[in-house]
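# Residue-level structural notes
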Amino acid sequence: MLHRHATAACATLTAVGALVLAGSPGVAGEAPAPPSTPSVTGSPGVDKPSPALLDAMQRDLGLTREQAETRLRNEAEAGARAGLLRSTLGDAFAGAWVSGPVSATLTVATTDAAHTAAIKAGGAEAKVVRHGLKRLEAAKAKLDKGSLRTKTTDAPVWYVDLRTNSVTLEAAEAAAADVFLTATGVDRDLVRVKATTERPRPLAYDIRGGDAYYVDTGRCSVGFAVLSGTQQGFATAGHCGQAGAATLGHNKVAQGVFKASTFPGKDTAWVAANTQWTATAQIKGQGDQNVEVTGSIEALVGASICRSGSTTGWHCGTVEQHGTTVSYLQGTVKGLTRTTVCAEPGDSGGPYVSGTQAQGVTSGGSGNCKDGGTTFYQPVNPLLQMYELTLKTSAADPGDTGETGATWAAGKVYHVGDRVTYDGVSYRCLQPHQAQPGRHPSGAAGLWQRV
């Protein structure tokens, strides 16, 4: 269980740190705790959530203001705990997710029952399952590869579902799922076929695009402000426009041009703005309220997530699965995240945030914001890494990259398990994120573990 009080959180997190140093999963207390332990203070912005974000969470998740704030704190703490436990369990790790109205419960799955005690000591509920995460991800990768030569229109969505310990294939027709699985040779013991009537599509108008910017006769949504050196611009969905396409802003004033765009395969793009436009770290909220982006720490499965779009404004839901593959009519897109947030045409390209952390840009989905629906977003960290962009945040001066000789660098995207040095000390990454100026490993315990 996650706790609201910092003292209790630090105590359990210290226990996790000891397990990592001991190098013996399932045996606690054999080594001293590390000098620094992850806590909610390692996730910038958690203590200052946007009023607009909290309002949307209350409306869409049925929470009080206090519950919304508590949920954000719990989710930030859970991410750090999960990162530590993942490094402790190794190949036996089978995923982590949060649950409950305020995300008070962190569950960590393992294939080895002997790890139960270690997981509980780390402040999480343990679930013993058959398949490790690496095995499930390998099976999904076979489906991804097979989709290039097999028609998947009637089996359009597949993903690793941590909570069912399976690769879930959503299919409108059972025969289509059978053909797909036979063609790829995936072990059917790993796959769960789920019937669906949904047909995901890019959420856009003429060009399936999305927020207060226009390409030809289509409308799309600005995602996150970014920098490429000194060039200002914004990240958005690839299906909104091809490289070289000109854009108009929400006021119909010339705005910029697509510098790069990928769709299908991925749904990534970025627009280089002209000198009339200035990048900020803000996302348009409800009314005159804005949400400030402070980083890009990836949210766990089960975490709350909110989206802003030019058609439907702010809406919230939860993260269902990462690494989802979707087969649109235009082709297959891999690496999307599936959510319960609703969206409609015109919202494409718009930003998803968890607290103040950038998560991704709207790709496509099904349903609407009257009856509900499912949407998918392109995670922002791979997009930033692919185009060598820096997320615009409210962090310190971008020139502040740390001391000379450090391998850690602001603007670089880090993944779980990556190792860096800073100030002569080695650190291991606990959560996927793009390093922000001023958020050095020595002062970001929720993101880095001293090793």
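In this report, we go over the structure that sits alongside the text. Computed from a predicted structure; not experimentally measured.

Right, let's talk about the overall build of the protein chain for a bit. Helix and strand content of the protein chain: seven helices and 28 strands. Looking at the protein chain as a whole, 56% of its 451 residues qualify as buried. Approximately 17,300 Å² of the protein chain is accessible, and the part contributed by carbon and sulfur atoms is 50%.

For the rest of this paragraph, the subject is the side chain of Glu320. With respect to the helices and strands, the residue Glu320 is situated in strand E18 (residues 313–328). Using a relative accessible area of 17% as the deciding quantity, one classes Glu320 as buried. Within polar-contact distance, the side chain of Glu320 engages the side chain of Thr318 at 3.0 Å. If near-sequence neighbours (up to four positions away) are discounted, Glu320 is found in contact with Arg163, Val301, Arg338, Thr339 and Thr340.

Right, let's get into the sheet that holds strand E26 (residues 425–429). Spatial ordering of the open sheet is given by E25-E26-E28, a layout of three strands whose pairing is antiparallel. Unpaired on one side and paired on the other, strand E25 (419–422) and strand E28 (448–450) mark the two borders of the sheet. Taken over all neighbouring pairs, the strand axes of this sheet differ in orientation by 40° on average, direction set aside. Where E25 and E26 come together, four bridges link them in antiparallel fashion. When the sheet's bridge partners are listed, Thr421 is paired in E26 with Ser426.

Turning to the state of the cysteines, a few remarks are in order. Following the criterion strictly, the structure yields three disulfides and no others. Shown here is the disulfide that connects Cys220 with Cys240, its sulfur atoms set 2.1 Å apart. What sets the handedness of the Cys220 and Cys240 disulfide is the S-S torsion sign, and at about -90° it is left-handed. In this pair, Cys220 is assigned in strand E9 (residues 218–221) and Cys240 in the loop between strand E11 (231–236) and strand E12 (246–249), connecting sequence segments 20 residues apart. Taken individually, Cys220 and Cys240 each receive the classification buried, so the pair is uniform in this respect. Between Cys342 and Cys369 runs a disulfide, and the two sulfur atoms are separated by 2.1 Å. Taking the sign of the S-S torsion, about 100° here, the bridge from Cys342 to Cys369 comes out right-handed. With Cys342 in the loop between strand E19 (331–339) and strand E20 (351–354) and Cys369 in the loop between strand E21 (357–368) and strand E22 (372–379), the pair connects residues that are 27 residues apart, well separated along the chain. Under the relative-accessibility criterion, Cys342 is labelled buried at 10%. Ordinal numbering of bonded cysteines along the protein chain defines a disulfide pattern of 1-2, 3-4, 5-6.

Between Phe263 and Pro264 the backbone carries a cis peptide bond, its omega angle lying at 0°. With respect to the helices and strands, the residue Pro264 is situated in the loop between strand E13 (254–262) and strand E14 (268–273). Its identity as a non-glycine residue notwithstanding, Ser103 has a phi of 55°, on the positive side. On the secondary structure map, Ser103 appears in the loop between strand E1 (93–99) and strand E2 (105–110). For Glu388, which is not glycine, the phi torsion reads 55° and is therefore positive. Here Glu388 lies in the loop between helix H7 (380–387) and strand E23 (390–391).

Position of Ser442 relative to the elements: it lies in the loop between strand E27 (433–434) and E28. With relative accessibility at 48%, the residue Ser442 sits in the partly exposed group. Taking the C-alpha atoms as reference points, Ser442 and Tyr427, 15 residues apart in sequence, are found 8.5 Å from one another. Contact partners of Ser442, with chain neighbours within four places excluded, come to Tyr422 and Tyr427.

Another aspect to go through is the pairing of strand E3 (residues 125–128). One ladder, built from four bridges, connects E2 with E3; its direction is parallel. Bridge pairing in E3 links Thr107 to Glu125. As a crossover connection, the stretch from E2 through helix H4 (residues 116–121) into E3 is right-handed.

Turning next to helix H5 (residues 133–146). Its 14 residues place the ends of H5 20 Å apart at the C-alpha level, agreeing with the 20 Å of an ideal helix rising 1.5 Å per residue. Of the positions making up H5, those classed as buried are Leu133, Leu136, Ala139, Lys140, Leu143, Asp144 and Gly146.

Within the open sheet, the eight strands sit side by side as E9-E8-E12-E13-E14-E11-E10-E23. Their pairing is antiparallel. Two strands bound the open sheet, and with one partner strand each, they are E9 and E23. Here strand E8 (residues 212–215) pairs with E12 via two bridges, running antiparallel. Paired with Tyr214 across the strands is Leu248, a residue of E12. Each of strand E10 (224–228), E11, E13, E14 and E23 touches H7; the most contacted strand, E14, lies at about 60° to it.

Cut-offs and rules
Residues numbered from 1 in each chain as written. Predicted model: local features only at pLDDT ≥ 70, side-chain atom pairs only at ≥ 80, totals over all residues. Heavy atoms only, no water. Helix = DSSP H or I, 4+ residues; strand = E, 2+ residues; numbered from the N terminus. Buried < 20%, exposed > 50% of the residue type's maximum accessible area, 1.4 Å probe, protein only. Areas by Shrake-Rupley, 256 points an atom, 1.4 Å probe, with all protein chains shown as cover. Polar contact = N/O pair within 3.5 Å; in protein donor to acceptor, adjacent residues only side chain to side chain. Contact = heavy atoms within 4.5 Å. Pairing = 2+ DSSP bridges. Axes fitted to C-alpha atoms, helices over the stretch in contact; angles between N-to-C directions. Disulfide = S-S within 2.5 Å. Right-handed = clockwise from strand over helix to strand, strands pointing away. Expected span 1.5 Å × (residues − 1).

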